[in-house]
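Examination of the molecular architecture
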Amino acid sequence: MVNASAMQELGLKARKAAGVLALASTQQKNAALMAMAKAIRANVNKLIAVNASEVAAAKTKDLKDSFIDRLVLTTSRVEAMAKGLEDIAGLPDPVGTMLAEWTRPNGMKISRIRVPIGVIGIIFESRPNVAADAGALCMKSGNAAILRGGSDGFQSSTLIVEALQQGLEAAGLPAAAIQMAPTTDRASVGEMLAGLGGTIDLIVPRGGSTVLDVLTARLDGFPGEIELSVEGLPPGTACVGATL
């Protein structure tokens with residue numbers, strides 16, 4: 001069963017870490033990403049061994065071959081994961097980017113600037129490498145991440161998150177900036193969707209569709225419209241903008 005107090009603690013730690021990340025420099029975040037890649041490579045043998053055990057267990061169930069394939073980690077896939085972290089380090093830092101600037105008739109100057117969202121909860125299924133991609137992208141954009149992976153790849157995803165946390169600490173950032181829900185209980189999903197006591201700002205469910213369905217919980221009581229869009233998606237992946 002899910003431990004509600006443990007999940008709430010997860011949210012509190014993430015909220016505190018988000019405050020640190022929001023002020024972290026680009027250099028510090030990139031240093032963390034490079035250290036994450038190093039930690040992933042250092043743990044490749046352990047990752048593959050744990051993953052092989054999970055794959056063997058999954059093959060005893062009535063699961064599709066495509067599902068099993070998404071679960072598998074190989075040396076090349078682990079290397080691609082590490083390379084992906086280095087690629088994210090090479091991306092421009094979105095935090096602080098000015099999108100627009102104008103002056104009102106009364107002389108007031110207004111700017112639209114990109115800022116971190118805060119704490120992002122990401123729910124995904126069998127693909128363990130999503131833990132690395134999602135956690136790293138959240139961190140680069142100044143957001144803390146709480147990840148909830150599928151039960152079949154839980155141990156693999158947990159090891160990946162531990163490597164990411166090693167990278168965070170090596171760069172002087174809090175390990176709680178990227179956390180894994182410590183349970184496979186489905187009730188943990190409900191806990192996250194409920195916002196973990198107001199500590200989660202956005203929930204992103206990650207499925208197999210090429211269209212990313214974004215579910216957001218508006219916990220701050222803001223009554224106005226929020227325009228949501230996604231940039232920089234990989235080829236073949238689409239996301240329709242939405243007004244919430």
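Reference entry: report on the structure contained in this document. (Residues numbered from 1 in each chain as written. Predicted model: local features only at pLDDT ≥ 70, side-chain atom pairs only at ≥ 80, totals over all residues. Heavy atoms only, no water.)

1. Remarks on the overall build of the protein
The secondary structure content of the protein amounts to 8 helices and 8 strands. In the protein, buried positions account for 39% of the 244 residues. For the protein, the share of sequence-separated contacts (at least 6 apart) that also reach a separation of at least 24 residues comes to 73%. (Helix = DSSP H or I, 4+ residues; strand = E, 2+ residues; numbered from the N terminus. Buried < 20%, exposed > 50% of the residue type's maximum accessible area, 1.4 Å probe, protein only. Contact = heavy atoms within 4.5 Å.)

2. Quick notes on the packing of helix α2 (residues 26-42) against helix α7 (residues 154-170)
Helix-helix packing: each pair is described by the crossing angle between the helix axes and the interaxial distance. Where α2 meets α7, the axes come as close as 7 Å, and the angle between the chain directions of the two elements is 135°. If you check the angle between α2 and α7, you find them oblique. Considering the relative orientation of α2 and α7, their crossing is right-handed. Contacts between α2 and α7 pair Ala 32, Ala 35, Met 36, Ala 39 and Ile 40 from the former with Ile 160, Ala 163, Leu 164, Gln 166, Gly 167, Leu 168 and Ala 170 from the latter. Partitioning the contact of α2 with α7 into residue classes produces 10 nonpolar, 2 polar and no charged. (Axes fitted to C-alpha atoms, helices over the stretch in contact; angles between N-to-C directions. Parallel < 35°, antiparallel > 145°, perpendicular 65-115°, else oblique. Left-handed = near helix turned anticlockwise from the far one by under 90°. Nonpolar A, V, L, I, M, F, W, Y, C, P; charged D, E, K, R; others polar.)

3. Section: the pairing of strand β2 (residues 109-113)
Across 5 bridges, strand β1 (residues 98-103) lies against β2 in antiparallel orientation. Bridge pairing in β2 places Glu 101 opposite Ser 111. Adjacent in sequence and paired antiparallel, β1 and β2 are bridged by 5 residues, among which Gly 107 carries a positive phi angle near 95°. (Pairing = 2+ DSSP bridges.)

4. Re helix α1 (residues 4-23)
Given a rise of 1.5 Å per residue, 20 residues ought to cover 28 Å, and the 30 Å separating the end C-alpha atoms of α1 matches this to within 8%. Listed as buried for α1 are Met 7, Leu 10, Gly 11, Ala 14, Ala 17, Ala 18 and Leu 21. On its buried face, α1 sits against β3 (119-124), α6 (129-140), β4 (144-148), β5 (178-180) and α8 (187-193). (Expected span 1.5 Å × (residues − 1).)

5. Points about the side chain of Asn 143
Of note, Asn 143 is situated in the loop between α6 and β4. Separated by 2.6 Å, the side chain of Asn 143 and the backbone nitrogen of Ile 117 make a polar contact. The residues touching Asn 143, leaving out its near neighbours within four places in the chain, are Leu 21, Pro 116, Ile 117, Gly 118, Ile 120, Cys 138 and Ala 177. (Polar contact = N/O pair within 3.5 Å; in protein donor to acceptor, adjacent residues only side chain to side chain.)

6. Re the side chain of Lys 29
You can see Lys 29 is positioned in helix α2. Given a relative accessible area of 1%, Lys 29 falls into the buried group. Ignoring any residue separated from it by four or fewer positions in sequence, one finds Lys 29 in contact with Ala 24, Asp 93, Val 95, Met 139, Lys 140, Gly 142 and Leu 173.

7. With respect to the nonpolar core
Ranked by size, the top nonpolar core spans 44 residues in total, and within it Met 36, Leu 85, Met 139, Leu 147 and Ile 160 carry the most contacts. In this view, Met 139 contacts Leu 21, Lys 29, Ala 32, Leu 33, Met 36, Leu 168, Leu 173 and Ile 178; residues no more than four positions away in its chain are not counted. Core analysis: the second largest hydrophobic core is formed by 13 residues, Met 7, Ala 14, Ala 144 and Ile 146 among them. (Core = buried A, V, L, I, M, F, W, Y, C linked by side-chain atoms within 4.5 Å.)

8. A look at unusual backbone geometry
Both trends apply: most residues other than glycine have a negative phi, and most peptide bonds are in trans. Here Leu 196, not a glycine, exhibits a phi torsion of approximately 50°, which is positive. Examined against the element boundaries, Leu 196 turns out to sit in the loop between α8 and β6 (202-206).

9. Comments concerning the sheet that holds β6
Read across the open sheet, the 4 strands follow the order β5-β4-β3-β6; overall the sheet is parallel. The open sheet terminates on both sides in strands that have one partner only, identified here as β5 and β6. Recorded for the sheet is a direction-independent mean angle of 20° between the axes of neighbouring strands. Note that β4 and β5 share 3 bridges and pair parallel. What sits directly across from Ile 146, in β5, is Gln 179. Taken strand by strand, α1 contacts β3, β4 and β5, and its axis lies near 145° from that of β4.

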